[in-house]
Every structure is written in C-alpha cells, then in structure tokens.
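# Structural description and commentary
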Amino acid sequence: MQELDWAFASYKSAARSYKVAVSEYRKYLASDEAESASAVMDDQFSNAKTVQSMAKSVQTVNPASSKTVDMKTGLTGDASTNELGKAAEALNTQTSEMKSRLKVLKANVLAVTTSQSYYRLLSDAIGTGDKVLADSDDKVWW
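Residues numbered from 1 in each chain as written. Predicted model: local features only at pLDDT ≥ 70, side-chain atom pairs only at ≥ 80, totals over all residues. Heavy atoms only, no water.

## A short note on the overall build of the chain
In terms of regular secondary structure, the chain is built from five helices and zero strands. Across the 142 residues of the chain, 27% fall into the buried class. Counting contacts in the chain only where the partners sit at least 6 residues apart, residues at least 24 apart contribute 85% of the total. Here the chain displays about 9,800 Å² of accessible surface, and carbon together with sulfur accounts for 55% of that area. (Helix = DSSP H or I, 4+ residues; strand = E, 2+ residues; numbered from the N terminus. Buried < 20%, exposed > 50% of the residue type's maximum accessible area, 1.4 Å probe, protein only. Contact = heavy atoms within 4.5 Å. Areas by Shrake-Rupley, 256 points an atom, 1.4 Å probe, with all protein chains shown as cover.)

## So, the nonpolar core
A general trend in soluble globular proteins is that nonpolar side chains are found buried together. Core analysis: the biggest nonpolar cluster contains 21 residues, and Tyr11, Tyr28, Leu91, Met98 and Val109 have the highest contact counts within it. Within the residue set of this core, elements represented by two or more residues are helix 1 (2–29), helix 2 (32–38) and helix 5 (81–135). (Core = buried A, V, L, I, M, F, W, Y, C linked by side-chain atoms within 4.5 Å.)

## Comments concerning the packing of helix 1 against helix 5
Their axes nearest at 8 Å, the elements helix 1 and helix 5 cross at an angle of 20°. With respect to their mutual orientation, helix 1 and helix 5 come out roughly parallel. Note that helix 1 runs across helix 5; the crossing there is left-handed. Looking at the contact of helix 1 with helix 5 residue by residue, the classes come out as 20 nonpolar, six polar and four charged. (Axes fitted to C-alpha atoms, helices over the stretch in contact; angles between N-to-C directions. Parallel < 35°, antiparallel > 145°, perpendicular 65-115°, else oblique. Left-handed = near helix turned anticlockwise from the far one by under 90°. Nonpolar A, V, L, I, M, F, W, Y, C, P; charged D, E, K, R; others polar.)

## Considering helix 5
End to end, helix 5 covers 80 Å across 55 residues, agreeing with the expected 81 Å (1.5 Å per residue, within 8%). Of the residues trailing helix 5, Asp137 is marked for its positive phi of about 55°. (Expected span 1.5 Å × (residues − 1).)

## A word on helix 1
Between its first and last C-alpha atoms helix 1 spans 41 Å; for 28 residues at 1.5 Å apiece the expected length is 40 Å, and the two agree. When helix 1 is considered as a whole, its buried residues turn out to be Ala7, Tyr11, Ala14, Ala15, Tyr18, Ala21, Val22, Tyr25 and Tyr28.

## Observations regarding the packing of aromatic side chains
Applying the stated criterion across every chain, the model contains one aromatic pair. Across the ring face of Tyr28, the terminal group of Lys106 is positioned such that the distance to the ring centre comes to 5.3 Å. (Phe/Tyr/Trp six-rings, centres within 6.5 Å; stacked < 30°, edge-to-face > 60°. Lys NZ or Arg CZ within 6 Å of the ring centre and 35° of its normal.)

## Comments concerning the side chain of Thr95
Locating Thr95 in the fold gives a position in helix 5. Reaching out from Thr95, the side chain makes a polar contact with the backbone nitrogen of Tyr18 at a distance of 3.3 Å. Here the side chain of Thr95 touches Leu91 through a polar contact of 2.8 Å, landing on its backbone oxygen. Excluding anything up to four places from it in sequence, Thr95 contacts Ala14, Ser17, Tyr18 and Ala21. (Polar contact = N/O pair within 3.5 Å; in protein donor to acceptor, adjacent residues only side chain to side chain.)

## Quick notes on the confidence of the model for the chain
Chain-level statistics for the chain give a pLDDT mean of 75 and a share of 68% at 70 or above. Predicted confidence in the chain is weakest over helix 4 (residues 66–73), with a mean pLDDT of 44, and strongest over helix 1, with 89. In the model, residues 65–71 has pLDDT below 50 throughout and makes three contacts with residues more than four positions away in sequence or in other chains. (pLDDT = per-residue confidence, 0-100.)

Shown next, in the form of structure tokens:
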C-alpha cells in the first residue's frame, strides 16, 4: 500500500509540474512581447531567417490539448502502481519538452526583436544619408 501511495504522490506531483509548464508556455505565448514579435512583417527586420524561425516556432509549438491533459491527469487512486508510474514518467517527459519549447520560443522572440531593432537603426541611417544627399543638392565632395 505504501508503494501505491508513493506512486500516486509522484504522479500528482508530475501532473502539477506539467500544468505549470503548460501555463507558463501559454502565458508567454500570449504576452505582449511574443505577440509583438509574431506580428513583425517581412519588411520590418534585418534577417529573414530570424523571422521565419520565429514564425515556425509559434506555429509548431503547441502544448497538449486540454482533453489530453485531462486524460493524463485524470487518474485516481484506483490506478495501479505501474499505471501511475508510467503516467508520471510521461508527464515528466512532456514537462521537459514544454520547458524546452518555451526556451526556444523565448530565444526566437529575442532574435526577432533584436533583428527588428537593427533594421530600424539601419533604416534611420539610410534615411539620414538620403536627407544629407538631398540637402546638398547632389553636390557631394569626396
């Protein structure tokens, strides 16, 4: 009986950890930072690969549906020690995957916002150069 109690406690802990990981991921995905990076258009960045990577990350990184989560976390004390152990192991694996995906998503958001900042700096410099050239009445001395 003690082994079953330990297995159930382990399972409940894994289920809580998974729910926290999914919640953190969804919260970050809905954050202003992630939404802003997702809204970057093709003409607003300096590196196309960076934005493509971000778009792919947002499209392919989805936590398990709530139906799947409920199914996996819906075990009761009637489950066998083996079932609880397998379910806890699966949840621990999914928790690690969610944390990894969140880390990748955050890195992609940072890359996109950095690329967008570089693009703005470059655009400002080009605009300043164009203005200087226009103000000089095309009489630029080398």
